[in-house]
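Chain residues, written in single-letter form:
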Amino acid sequence: MIDVAQTSMAAGAACAIAQVTGVNDNMSQSHYHDYFELYFLDSGERYHLMDDKLFKLQAGDCILFPPQTMHRSYGDQDIAFSRAVLYFRPETITSAELLHKLLHSQVVYRPDSQELHQLRRIIYAMEEEQNSHLDCHDECMQSLLNLIMVQLLRMNQESTGILRRLAEECPVINGKEIFTVQKKTFHRLTDSQESMDFFKSRKIYLRMLRDAGIGGSIRYITVFCMGGQIDLFSVK
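## Observations concerning the overall build of the protein chain
Right, so step 1: Per the secondary structure count, the protein chain includes 7 helices and 11 strands.
Right, so step 2: By residue count, 46% of the 236 residues in the protein chain fall in the buried class.
Right, so step 3: Taking all contacts inside the protein chain whose residues are at least 6 apart in sequence as the whole, residues at least 24 apart take part in 67%.
Right, so step 4: Total accessible area computed for the protein chain in this model is approximately 12,300 Å², and 48% of it derives from carbon and sulfur atoms.

## Overview of the sheet that holds strand 6 (residues 71-74)
Right, so step 1: A sheet is described by the order of its strands in space; here 3 strands give the open sequence 4-3-6, paired in antiparallel fashion. The sheet is open, and its two edges are formed by strand 4 (53-57) and strand 6, each paired on a single side. Adjacent strand axes in the sheet meet at a mean angle of 20°, parallel and antiparallel pairs treated alike.
Right, so step 2: As paired elements, strand 3 (residues 46-50) and strand 6 share 4 bridges and run antiparallel to each other. Bridge pairing in strand 6 places Y47 opposite Y74.

## A few points about the nonpolar core
Right, so step 1: Counting residues in hydrophobic clusters, the biggest one holds 28 residues, and the most contacted among them are L86, F88, M126, I148 and M149.
Right, so step 2: Those elements giving two or more residues to this core turn out to be strand 1 (15-22), strand 2 (36-43), strand 5 (62-65), strand 7 (81-88), helix 2 (96-103), helix 3 (113-130) and helix 4 (137-153).
Right, so step 3: Filtering out sequence-adjacent residues up to four positions away, F88 remains in contact with M9, A14, C15, Y35, F36, L64, I93, L102, L145 and M149.
Right, so step 4: Y35, F55, L57 and F65 belong to the second-largest nonpolar core, a separate cluster that totals 16 residues.

## So, the packing of aromatic side chains
Right, so step 1: One pass over the structure, following the stated rule, counts 3 aromatic pairs.
Right, so step 2: Ring geometry for F36 versus F88: centroids 4.7 Å apart, planes at 10°, classification stacked. Here F36 is found in strand 2, whereas its partner F88 is found in strand 7, with 52 residues between them in sequence. Accessibility classification places F36 together with F88 in one group, the buried group.
Right, so step 3: For the ring pair Y47 and Y74, a centre distance of 5.6 Å and an interplane angle of 25° mean the geometry is stacked.

Cut-off values and rules
- Residues numbered from 1 in each chain as written.
- Predicted model: local features only at pLDDT ≥ 70, side-chain atom pairs only at ≥ 80, totals over all residues.
- Heavy atoms only, no water.
- Helix = DSSP H or I, 4+ residues; strand = E, 2+ residues; numbered from the N terminus.
- Buried < 20%, exposed > 50% of the residue type's maximum accessible area, 1.4 Å probe, protein only.
- Contact = heavy atoms within 4.5 Å.
- Areas by Shrake-Rupley, 256 points an atom, 1.4 Å probe, with all protein chains shown as cover.
- Pairing = 2+ DSSP bridges.
- Axes fitted to C-alpha atoms, helices over the stretch in contact; angles between N-to-C directions.
- Core = buried A, V, L, I, M, F, W, Y, C linked by side-chain atoms within 4.5 Å.
- Phe/Tyr/Trp six-rings, centres within 6.5 Å; stacked < 30°, edge-to-face > 60°.

Pasting the structure below:
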């Protein structure tokens, strides 16, 4: 999928927005930018990996990636989605306090119905302005951008993330016991070598997740927790 907004940023734009509809459009590797990225999911479902957190976005949700933040996006097989991405440079934010809050954002923003309606209106207005050649074009784009950011910070926020939640719910005692994901006991192994051998098999682990009813939709998951470490792999 060609990201025309990113092309505009590479050409020196202060901010750029683009809306795309797709299916099975999955990133295989994480990446980062030297500017902000606001990802607004208009319809469908998507997963977003941000540093050590995995978030699941539902239609209407937003997630903000500050500069230099590793991230990637993907979805379940054959699930169509529509999204808008808004890229902007830090200097386009007119308030130092607002910029500080945005730079430390690692959450999913979930608007209520009224907030979602207002957000869509501003996004559509920004897309129209981007394609116009009217007077005060840059000032209008910057004003709409800052309005979106203010509205964003007023929305409900989810900060836990799937991976962080799994890590908290998968305790390890003395580096030898592996058990419980989402409070479901899969298997208890008291010998560390046996544990290592057991969890080398992805199929066994995925079967356990599937049987517990949580593995079908998680495509990027924790394999095991040994001594506080979390190994990750992408499910093919």
